[in-house]
2 protein chains.
Amino acid sequence: MKTLDRRPGGRTARVRAQVFDAVRAELAAHGHEGLTMEGVATRAGVHRATVYRRWRDVGGLLVDLIDTAGEIEWQPPDTGSLRGDLAALNQEIQESLVLEPSFAVALIVASFHSEQAARAQTRLWAARYAQCEILVERAFACGELPTPHTDARILLITAMAPLYHQMVLLRADPDPRLPERAAEAAYLAAVAGAFSVRHEESARSRHS
Amino acid sequence: MKTLDRRPGGRTARVRAQVFDAVRAELAAHGHEGLTMEGVATRAGVHRATVYRRWRDVGGLLVDLIDTAGEIEWQPPDTGSLRGDLAALNQEIQESLVLEPSFAVALIVASFHSEQAARAQTRLWAARYAQCEILVERAFACGELPTPHTDARILLITAMAPLYHQMVLLRADPDPRLPERAAEAAYLAAVAGAFSVRHEESARSRHS
């Protein structure tokens, strides 16, 4: 142990990789419900005490995984139109939700049991929404949207929420047309001005 | 016990009422995580064996509560316009989600841990969507919607999903304008034809 501890970077990185692999494998084998600190430690071949000390609970493990996912170089789609971008985004989401096991669903479930996981998930999604603001800016620039004052966050949530609703909350079978239909609905609503920020509000936010 | 068992209807109904009261109180006191069969039995003053025999697990308890909620005479709003009906529906949903503790949120959380609860929740929501088809029929009849071939379920999900997304998944603070904004977006998308069922599809469903 002492020898290993002399190379903390190497050992830390290796333990982390082993533990993350074990989390994925345990999820695949036992689903969200079967994910335990003990199961992860055993599968990873790492001392339970190490896993508890570093991650505290399953929520802590998932937080670290979420944050790692957040570090991945992710770029919003650029298909040439807002409608296409939203559909591509929804396609990505649907794919992440149909995986068996779905890591995305496991994070949602964990978020109900761990304040830490809930905060990390909210942070990750906020970052994604912020990255997607460019979609709205491009759509205004190329004349797809009538006004620059479009609330990108609520537009994105309107486009994506039906997928989570159908697949995560209602456990519906995946509908291959849903990503496009939900994107289309949000796009048409945006064009009709549903997400436009009233002038005084946008003035207020510029000054706050 | 024998004496009580001679009046099974009366005793059953009383035990059920006591247990349901206890579920609500335990949720209020300890949240979703603190809801246990033991806690419910103790608070209700009912033998644990009775609670386990009748409801099996927390999921079973919530199923029975969901089904009871489903029996409640619920009518979709009738405000005189589709836009208003959707906003009223969303207002109801937002109110159920902001309650502390939110019984609606507890059901969602339980649905991830109990197949029974998940199925019951899906059944309850399917019944509500079916009841809300009248909104779409009325909107076509009074000229608000351009076509009778509107998929009511996806329209309703588009209207409601952003509320669940924001409040249940993203833990955002309730936005008092969201019920109306999300309803408005779904309404504008519907008017633009986003939820229209293609002719061949509606013909197919009529013949199947």
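Residues numbered from 1 in each chain as written. Chains lettered and ligands numbered in written order. Predicted model: local features only at pLDDT ≥ 70, side-chain atom pairs only at ≥ 80, totals over all residues. Heavy atoms only, no water.

**Side note on the interface of chain B and chain A**
Next up, step 1: If you look at the interface, chain B gives 39 residues, while chain A gives 39 residues.
Next up, step 2: Of the roughly 3,500 Å² buried where chain B meets chain A, counting both sides, 64% is carbon and sulfur surface.
Next up, step 3: Taken together, the connections running from chain B to chain A amount to two salt bridges.
Next up, step 4: For Asp151 of chain B, the salt bridge identified is with Arg181 of chain A, shortest N-O distance 3.6 Å.
Next up, step 5: For the pair chain B and chain A, the number of links is nine residue pairs in polar contact (both at pLDDT 80 or more).
Next up, step 6: Sorting elements by how many residues they give to the side of chain B that touches chain A places helix H9 (residues 152–169) of chain B first, with twelve residues.
Next up, step 7: A per-class count over the side of chain B that touches chain A returns 23 nonpolar, eight polar and eight charged. (Contact = heavy atoms within 4.5 Å. Buried area = accessible area lost by both parts, 1.4 Å probe. Salt bridge = Lys/Arg side-chain N within 4 Å of Asp/Glu carboxyl O. Polar contact = N/O pair within 3.5 Å; in protein donor to acceptor, adjacent residues only side chain to side chain. Helix = DSSP H or I, 4+ residues; strand = E, 2+ residues; numbered from the N terminus. Nonpolar A, V, L, I, M, F, W, Y, C, P; charged D, E, K, R; others polar.)

**Let's talk about the relation of the copies chain B and chain A**
Next up, step 1: Relative to chain A, chain B is turned by 180° and slid 0.0 Å along the rotation axis, the superposed coordinates differing by an RMSD of 0.0 Å. Expressed as an axis order, the relation between the two copies is that of a two-fold axis.
Next up, step 2: When you check the interface residues of chain B against chain A, 100% turn up at the interface there too, and the contact is symmetric in its surfaces. (Least-squares fit on C-alpha atoms with pLDDT ≥ 70 in both.)

**A word on the pattern of salt bridges**
Next up, step 1: Across all of its chains, the model carries 18 salt bridges over all chains by this definition.
Next up, step 2: Of the charged contacts, one joins Asp21 of chain A and Arg24 of chain A as a salt bridge, the two residues approaching to 3.2 Å between their closest N and O atoms. You can see Asp21 of chain A and its partner Arg24 of chain A sitting in helix H2 (residues 8–30), three residues apart, about one turn around the helix.
Next up, step 3: Note that Arg138 of chain B is salt-bridged to Asp85 of chain B, the shortest N-O span being 2.9 Å. One end of the pair, Arg138 of chain B, is in helix H8 (residues 115–141); the other, Asp85 of chain B, is in helix H6 (residues 82–98), and 53 residues separate them in sequence.
Next up, step 4: Residue class for Arg138 of chain B comes out partly exposed when judged on its relative accessible area of 26%. (Buried < 20%, exposed > 50% of the residue type's maximum accessible area, 1.4 Å probe, protein only.)

**Thoughts on the confidence of the model for chain A**
Residue and element names in this part refer to chain A.
Next up, step 1: Taken over all residues, the pLDDT of chain A has a mean of 85, while the share at 70 or more is 89%.
Next up, step 2: Confidence, expressed as mean pLDDT per element, reaches its minimum in chain A at helix H1 (residues 2–5) with 44 and its maximum at helix H10 (residues 178–191) with 96.
Next up, step 3: Model confidence for the complex: the whole-complex pTM is 0.84, and ipTM, which rates the interface, is 0.83. (pLDDT = per-residue confidence, 0-100.)

**Remarks on the nonpolar core**
In globular proteins that are soluble, nonpolar side chains generally tend to be buried together.
Next up, step 1: Core analysis: the biggest nonpolar cluster contains 112 residues, and Val19, Val23, Leu86 and Tyr164 of chain A together with Leu86 and Tyr164 of chain B have the highest contact counts within it.
Next up, step 2: In terms of nonpolar packing, the next biggest core, distinct from the first, is built from 23 residues, Ala22, Leu35, Met37 and Ala44 of chain B among them. (Core = buried A, V, L, I, M, F, W, Y, C linked by side-chain atoms within 4.5 Å.)

**Some thoughts on helix H3 (residues 37–44) of chain A**
Next up, step 1: Of all the positions in H3 of chain A, only Met37, Gly39, Val40, Ala41 and Ala44 of chain A are classed as buried.
Next up, step 2: In the segment just after H3 of chain A, Gly45 of chain A is the residue with positive phi, at about 70°.

**Details of the packing of helix H7 (residues 103–111) of chain B against H8 of chain B**
Residue and element names in this part refer to chain B.
Next up, step 1: Orientation of H7 relative to H8, taken along the N-to-C sense of each, is 130°, at an axis distance of 8 Å. The pairing of H7 with H8 is recorded here as oblique in orientation. As H7 runs across H8, the sense of the crossing is left-handed. Facing Leu107, Ile108, Ala110 and Ser111 of H7, the residues of H8 in contact are Ala117, Ala118, Gln121 and Trp125. (Axes fitted to C-alpha atoms, helices over the stretch in contact; angles between N-to-C directions. Parallel < 35°, antiparallel > 145°, perpendicular 65-115°, else oblique. Left-handed = near helix turned anticlockwise from the far one by under 90°.)

**What to know about the packing of aromatic side chains**
Next up, step 1: Applying the stated rule across the entire model yields five aromatic pairs over all chains.
Next up, step 2: Where Phe20 of chain A meets Trp55 of chain A, the ring centres are 6.4 Å apart and the plane angle is 50°; that geometry is what we call tilted. Of this pair, Phe20 of chain A sits in helix H2 while Trp55 of chain A sits in helix H4 (residues 48–55), placing them 35 residues apart in sequence. Exposure class is identical for Phe20 of chain A and Trp55 of chain A. Each is buried.
Next up, step 3: Directly above the ring of Phe112 of chain B sits Arg171 of chain A, whose terminal nitrogen or CZ lies 4.7 Å from the centroid. (Phe/Tyr/Trp six-rings, centres within 6.5 Å; stacked < 30°, edge-to-face > 60°. Lys NZ or Arg CZ within 6 Å of the ring centre and 35° of its normal.)

**So, the side chain of Asn90 of chain A**
Next up, step 1: Within the fold, Asn90 of chain A resides in helix H6 (residues 82–98).
Next up, step 2: Residue contacts for Asn90 of chain A: discarding those within four places in its chain leaves Ala159, Met160, Leu163, Pro179, Ala182 and Ala183 of chain A.

**Points about the environment of Thr150 of chain A**
Residues and elements named next belong to chain A.
Next up, step 1: Position of Thr150 among the secondary structure elements: in the loop between helix H8 (115–141) and helix H9 (152–169).
Next up, step 2: Separated by 42 residues in sequence, Thr150 and Ala192 place their C-alpha atoms 11 Å apart.
Next up, step 3: If we ignore the near neighbours within four places in the chain, the residues touching Thr150 are Val136, Leu145, Leu155, Phe195, Ser196 and Val197.

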